2 protein chains.
Amino acid sequence: LLNDIAEKVTKSTGITCYVRSILNVLEALTKTNNIWELVAISHEPFICVIEILKELEKRKLVSITNVISLTNRGREILSTYMYCKKDYRCDKCSGRGILFNLLPEDVIKEYMKIVMNRPRPIQEFDQGFVTEDTALSRIAIMDQYGDVRGRDIFIIGDDDLISVALGLTNWPKKIVVLEIDERLVSYISKISNEYGLNIEILKRDASEPLPNYLVSKFDTFFTDPPEPLEAIKLFVGRGIMALRKEKSAGYISLTLIDSSIDKWREIQKMFLTQFNVVITDIIRDFNRYQNWDYITDMKIWKLLPVKQKPESIWYTSSLFRIEVLKNSKGFNERMKQDIYSDRENISR
Amino acid sequence: LLNDIAEKVTKSTGITCYVRSILNVLEALTKTNNIWELVAISHEPFICVIEILKELEKRKLVSITNVISLTNRGREILSTYMYCKKDYRCDKCSGRGILFNLLPEDVIKEYMKIVMNRPRPIQEFDQGFVTEDTALSRIAIMDQYGDVRGRDIFIIGDDDLISVALGLTNWPKKIVVLEIDERLVSYISKISNEYGLNIEILKRDASEPLPNYLVSKFDTFFTDPPEPLEAIKLFVGRGIMALRKEKSAGYISLTLIDSSIDKWREIQKMFLTQFNVVITDIIRDFNRYQNWDYITDMKIWKLLPVKQKPESIWYTSSLFRIEVLKNSKGFNERMKQDIYSDRENISR
C-alpha cells in the first residue's frame, strides 16, 4: 500500500518519495493537524507532503476537512509499522548545542533593537529572515570555531542582517556584504554608519562573477541561499572563490522543505567533488525563520489542501559548515538561468 | 614563519598541515598546558600536534618542560593573527543538542549498573568505550529520528554496549551485534539472558563478507570504527549492506584526532560517490570516551613530548548520520589487509 503511494507521488512530483517519507508524514499526523507543523515535523519536502496527503486521503488513511487528521485506518497502518519518534531536543539551546546568550549583552540588545525596523522580506529574491535567536546563534558558532575574531568575513545575501550582528561585536577585521536588494543595501549602510560598524556593502547580483579584489581575500563566508541546485552552486561557489585557500570556513543553510534528501545528496556530491571541500558540521534545525508576508502568493499556497496561514514558526533549516582545503576550488562563471525555481521549490 | 612550519610538518608526517592548524595549536595553548587537552581543544590530528609542537619549540614559540607553554614570542605571533575562539557549548546538553535524560529512568539506571562490570578495552581491537552519557545520548538521537522503535538494528563492534542500552528500552524489533572480541560476546550474551534483552550476538570478524541472512534486513546500523580509510570502508560498507534500501539510517563516529580533515574529505567522498548515501547530520564532539589502560603502549606514547597520562576526558568524536537512498550501495568483499593502522592512527 505505502509502496504504491510512494510510486504515485514520485511520478506526480518528480521527487523520489520513499515509504519512509510516508511514514514520516503519518507519524507527524499523530502530533499535529496543522499543515505547516506537519511539514516541520515530518522533515519531508513540502511538495511531497501535499501529494502524499492527497494519496492518503484517496485511500482513506487521512481525512482532510478544515484540519488534517489520521483516520482509524491510517492509525492502524501506522501501528503495523510501529513507527514512532520522540523529541529529545535540549530546551536550553533549542537543540543547537550552543548558547547565543554567552555573546556580549550589548550585542544582543542592540541587534534586537536594530532588526525592528528592517525591510520586510519580498518574494522577488526569495527572502525570509531568521529569528534573532538564530542570527545570534550563527555568530556564536562561528566564533566558537575561530571564524569571527580578526577574520575577514564575506556574506552573500544578507536579509538576516548577519553583517550587523557581526559588526556589533567589533571582532571581525573586515565585513563585506554582497546584496542585490536595494532596500537592504541602504538599510545596512545606514545602520553601519549610525553604529560605526564598518560594513562594506556592495549592491551586486551574485550571478555576476566576483571581481578580483574579492577573490581569495576572506577567512569566512556565510550564505543562506535559494535552494535550486544551480543557486547553491552559485552562492557557495562564490563563497569559496572569496576564501583564502587554507582551512577557511563557509556556513550554508539548507532546508529539507525546499530540498529533498535526494537533492541534498547531489549538493553534497557537488561540495565534495566539484568544490573539493569538506563538511565539518551539519546541525539539524539550527535555523528558524520568521513567517513572511507573501506566503499566499507562493506556489505552495495554491496547492495547500487547507488554506490556512501558519500561526507559529515552522520553516527551519540545517546549518552546514564546510572547510576549504588544499585543491579546493570555487565557481566564478557568470550564471544566466533563473536560479530561484525548481520542482522542489515552494515559492514559485 | 607559520607557512614554513606547516610545510615541515606536512613533509615529516605525510599529513597536510595548514597554517590554520598551527594557529589552532597556538590558540589552544592559551587555554591549557596539557598535551591531551591541547589535542582536544585544537581539533588537530594528534600526530600533527606533536610535530607542530616540535617545530614551534625549535623556533622558541613554545617551551616544553614538564608542561607545554607559549613563550612571549609565541604569544606575540598569535596576537598578530588575532586568532581566538570562545566556547559557547550548551552546559545542559554538553553541546549535543539532545537530552538523554528524557529516556526512561529505569533504562538509564540499569545501563549505568550493567556497564560497571564490562570488559576493559584492549589494544588488539582498537577499543575504547564512550561515557555512559554518550551511549545514552546515541540512543536518544536515534529515537528522535525514528531509528529505534519497531526497527531492526545492526551494530558492528560493540565495546560501547549500545546493544544493551537499546535492549533495555525494549523498543527495537530486533538487535543484532557483530563482535570480534570473545570477552564482549560473552558479556553481552550474559547480560542479554539475564535481562531478557533478546540481543543476537555473532562472534565474527567484519572483514568476512556478511552472510545473506544479514543483507538488506535492517533499518538502522551503528558503528564506531577504527579510522584508517579502509576500516571505515569496511565497517560502513557492511552497515550499508545490512540496511534495507529505503531511507534507512547509519550512525558512525569519527574523530579529528586519529583522522585529519583531509582524510575526512576522502571519507565523505567515499560516502557520497562509492556508497552513494547522503549525510544528514554531523555533530561535533557528540561522543566522549573514557580513558583506557593501554595508553602507554600506543604509538603516540613514544612520541609524546611530555610523558604524562591524561587525567580527564580528552578523546572525542563527531557523530555522523547517513541515509541510504535509491541507488545507494554497500561493500561486502572480503578484506585482507591490516585495517587498524595508517599514518594518522595514534594507536599503532
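Treat the numbers as computed from the prediction; the structure is a model and nothing was measured.

Please explain the overall build of chain A as it appears in this structure.
Assigned secondary structure in chain A consists of 12 helices and 9 strands. Computed over the C-alpha atoms, the radius of gyration of chain A is 21 Å, within 12% of the 20 Å expected from 2.2 N^0.38 for a compact globule of 348 residues. The buried share of chain A, taken over its 348 residues, is 65%. When contacts within chain A are restricted to residue pairs at least 6 apart in sequence, long-range pairs at least 24 apart make up 75% of them. Total accessible area computed for chain A in this model is approximately 12700 Å², and 47% of it derives from carbon and sulfur atoms. Of the charged side chains in chain A, 50 are positive and 49 negative; the average position of the first set lies 3 Å away from that of the second.

When you look at the interface of chain A and chain B in this model, what are you seeing that I'm missing?
It is common to report an interface's size as the accessible area lost on association of the parts. Each partner contributes to the interface: chain A provides 61 residues, whereas chain B provides 61 residues. Carbon and sulfur atoms supply 54% of the area buried between chain A and chain B, which totals about 5700 Å² over both sides. It is Arg20, Tyr88 and Lys247 of chain A that lose the most area in chain A upon contact with chain B, and together they represent 15% of the buried surface on that side. Counting the contacts that link chain A with chain B gives 6 salt bridges. Here arginine 20 of chain B ties to aspartate 147 of chain A by a salt bridge, and the two come within 2.4 Å at their closest N and O atoms.

Help me understand the nonpolar core, please; the structure alone is not making it clear to me.
A general feature of soluble globular proteins is that nonpolar side chains tend to end up buried together. Counting 90 residues, the largest nonpolar core has Phe46, Leu53 and Trp314 of chain A as the members making the most contacts within it. Ranked by the residues each element gives to this core, the list is headed by helix α4 (residues 46-58) of chain A, at 8 residues. If near-sequence neighbours (up to four positions away) are discounted, phenylalanine 46 of chain A is found in contact with Ile35, Trp36, Val39, Ile257, Ile300, Leu304, Trp314 and Ile346 of chain A. Of all hydrophobic cores here, the second largest spans 89 residues; its members include Tyr88 of chain A together with Leu23, Tyr111 and Val177 of chain B.

Explain empty space enclosed by the protein here, please?
Residue and element names in this part refer to chain A. A full pass over the atoms with the stated rule returns 4 cavities of 30 Å³ or more. Its volume calculated, the largest cavity comes out at about 70 Å³. Sort the elements by how many residues they give to the lining of the largest cavity and strand β9 (residues 316-323) lands first, with 3 residues. Of the residues contributing to the lining of the largest cavity, the split by class is 7 nonpolar, 5 polar and 2 charged.

When you look at the relation of the copies chain A and chain B in this model, what are you seeing that I'm missing?
The two chain copies are related to each other by a rotation about an axis together with a translation along it. For these two chains of identical sequence, chain A goes onto chain B by a turn of 180 degrees and a shift of 0.0 Å along the axis, with RMSD 0.0 Å. This pairing of chains is accounted for by a two-fold axis. Most of the interface of chain A is mirrored in chain B: 100% of its interface residues are interface residues there too.

How each quantity is defined
Residues numbered from 1 in each chain as written. Chains lettered and ligands numbered in written order. Predicted model: local features only at pLDDT ≥ 70, side-chain atom pairs only at ≥ 80, totals over all residues. Heavy atoms only, no water. Helix = DSSP H or I, 4+ residues; strand = E, 2+ residues; numbered from the N terminus. Rg over C-alpha atoms; globule rule 2.2 N^0.38 Å. Buried < 20%, exposed > 50% of the residue type's maximum accessible area, 1.4 Å probe, protein only. Contact = heavy atoms within 4.5 Å. Areas by Shrake-Rupley, 256 points an atom, 1.4 Å probe, with all protein chains shown as cover. Lys, Arg positive; Asp, Glu negative; His and termini not counted. Charge placed at Lys NZ, Arg CZ, Asp CG, Glu CD. Buried area = accessible area lost by both parts, 1.4 Å probe. Salt bridge = Lys/Arg side-chain N within 4 Å of Asp/Glu carboxyl O. Core = buried A, V, L, I, M, F, W, Y, C linked by side-chain atoms within 4.5 Å. 1 Å grid on protein atoms, 1.4 Å probe; cavity = no way out; pocket = protein on both sides within 12 Å on 5 of 7 lines; lining within 4 Å. Points joined across faces, edges and corners; volume = space filled by probe spheres on them. Nonpolar A, V, L, I, M, F, W, Y, C, P; charged D, E, K, R; others polar. Least-squares fit on C-alpha atoms with pLDDT ≥ 70 in both.

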